[in-house]
Amino acid sequence: MFFCAQGMILTQLHAESLKDFETTLIQKYYQDSCTSRNECDQYNENISNAIETKIKKDPASFTYSFPKLTEKNMLKIHYSPDHKIKSYTMDISAGGTMRDSTNLIQLKGKKGPITQDLTTVGFIDKIEQVKIKNRDVYLITSVFIGSTCSRSYRINSFVVNSDKFSPESIFETKTKNLDSIDVANDCQDWERPLEDFIRISKDLKNIDIMLINNAGKLTNNYLRYQKTANSYRYIGQTK
């Protein structure tokens, strides 16, 4: 009898609609007094764990927008331009001015949606898409928050390999190829948007990385990576 009842509970949980799941989670954890997740740290991990479990178990999540959770700022979702890639970002911070995030990537697999953890990015800002070597490459820009004013901005490049979202080294420097580039900003004009530190042209031809001098000061100079058929190649500095 116990095993039967336990199985029924698990079946009910799995059968819970995504709409009902949102409602239940909000009723359990959302606080009207909070203006942001920073003020509700004690529930962040609970919310993240519940969302992650539901997404990984329910293939319908790939086409569901989670409107209630995103409206309450309990979840952030981004899509690639071709809508084959979907990202979920959740704040899992437990207190203090340093913020921690967890990210999931969901993609269209041959037998249905595939969900995997994405540990190399911060709070996702945008997903861009470009052709390199005649393959779709996904560029993810994100922010790491080290304190109230300490920030690190990153651009990562990924491709889909055998139903896996994998890093791809497309940034060609003078000495090596990279799958990501970082810009560290230690409390200098830190309220500026990520787009000021990592500039991507609308036609995706150029990616400019802000140059920070040895004293940690922001400059008006950028390191330019220009698109070729096989990479984004460093070509020098620009304004």
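Refer to the structure printed above.
The structure displayed is predicted, hence computed values, not measured ones. (Residues numbered from 1 in each chain as written. Predicted model: local features only at pLDDT ≥ 70, side-chain atom pairs only at ≥ 80, totals over all residues. Heavy atoms only, no water.)

Trainee: A description of the state of the cysteines should follow, citing residues and the corresponding values.
Mentor: Inspection of the entire model under this criterion finds one disulfide. What pairs with Cys-149 in a disulfide is Cys-187, and their sulfur atoms sit 1.9 Å apart. Because the torsion about its S-S bond is 70°, the bridge between Cys-149 and Cys-187 counts as right-handed. With Cys-149 in the loop between β6 (135–145) and β7 (150–161) and Cys-187 in the loop between β11 (180–186) and β12 (198–200), this residue pair connects regions lying 38 residues apart in the sequence. Given a relative accessible area of 30%, Cys-187 falls into the partly exposed group. (Disulfide = S-S within 2.5 Å. Helix = DSSP H or I, 4+ residues; strand = E, 2+ residues; numbered from the N terminus. Buried < 20%, exposed > 50% of the residue type's maximum accessible area, 1.4 Å probe, protein only.)

Trainee: Got a sec to walk through the side chain of Asn-206? Specific residues and values, please.
Mentor: Inspection of the secondary structure assignment puts Asn-206 in strand β13 (residues 206–212). Asn-206 sits in the buried class, given a relative accessible area of 11%. For Asn-206, the side chain forms a polar contact with the side chain of Gln-226, separated by 3.2 Å. (Polar contact = N/O pair within 3.5 Å; in protein donor to acceptor, adjacent residues only side chain to side chain.)

Trainee: Before we move on, could you go through the packing of aromatic side chains and cite the residues and values that matter?
Mentor: Using the criterion set out here, one finds nine aromatic pairs in the structure. Where Tyr-138 meets Phe-165, the ring centres are 6.1 Å apart and the plane angle is 45°; that geometry is what we call tilted. Note that Tyr-138 is positioned in strand β6 and Phe-165 in strand β8 (residues 164–167), a separation of 27 residues in sequence. On the accessibility criterion, Phe-165 (5% relative accessible area) is buried. Centre to centre, the rings of Phe-158 and Phe-165 are 4.7 Å apart; their planes meet at 15°, and the pair counts as stacked. Since its relative accessible area comes to 1%, Phe-158 is described here as buried. Of the aromatic side chains, those joined through ring pairs into one cluster are Phe-171, Tyr-225, Tyr-232 and Tyr-234. Positioned above the aromatic ring of Phe-197 is the side chain of Arg-192, whose terminal nitrogen or guanidinium carbon lies 5.7 Å from the ring centre. If you follow Arg-199 out to its NZ or CZ, it ends over the ring of Tyr-222, 3.7 Å from the centre. (Phe/Tyr/Trp six-rings, centres within 6.5 Å; stacked < 30°, edge-to-face > 60°. Lys NZ or Arg CZ within 6 Å of the ring centre and 35° of its normal.)

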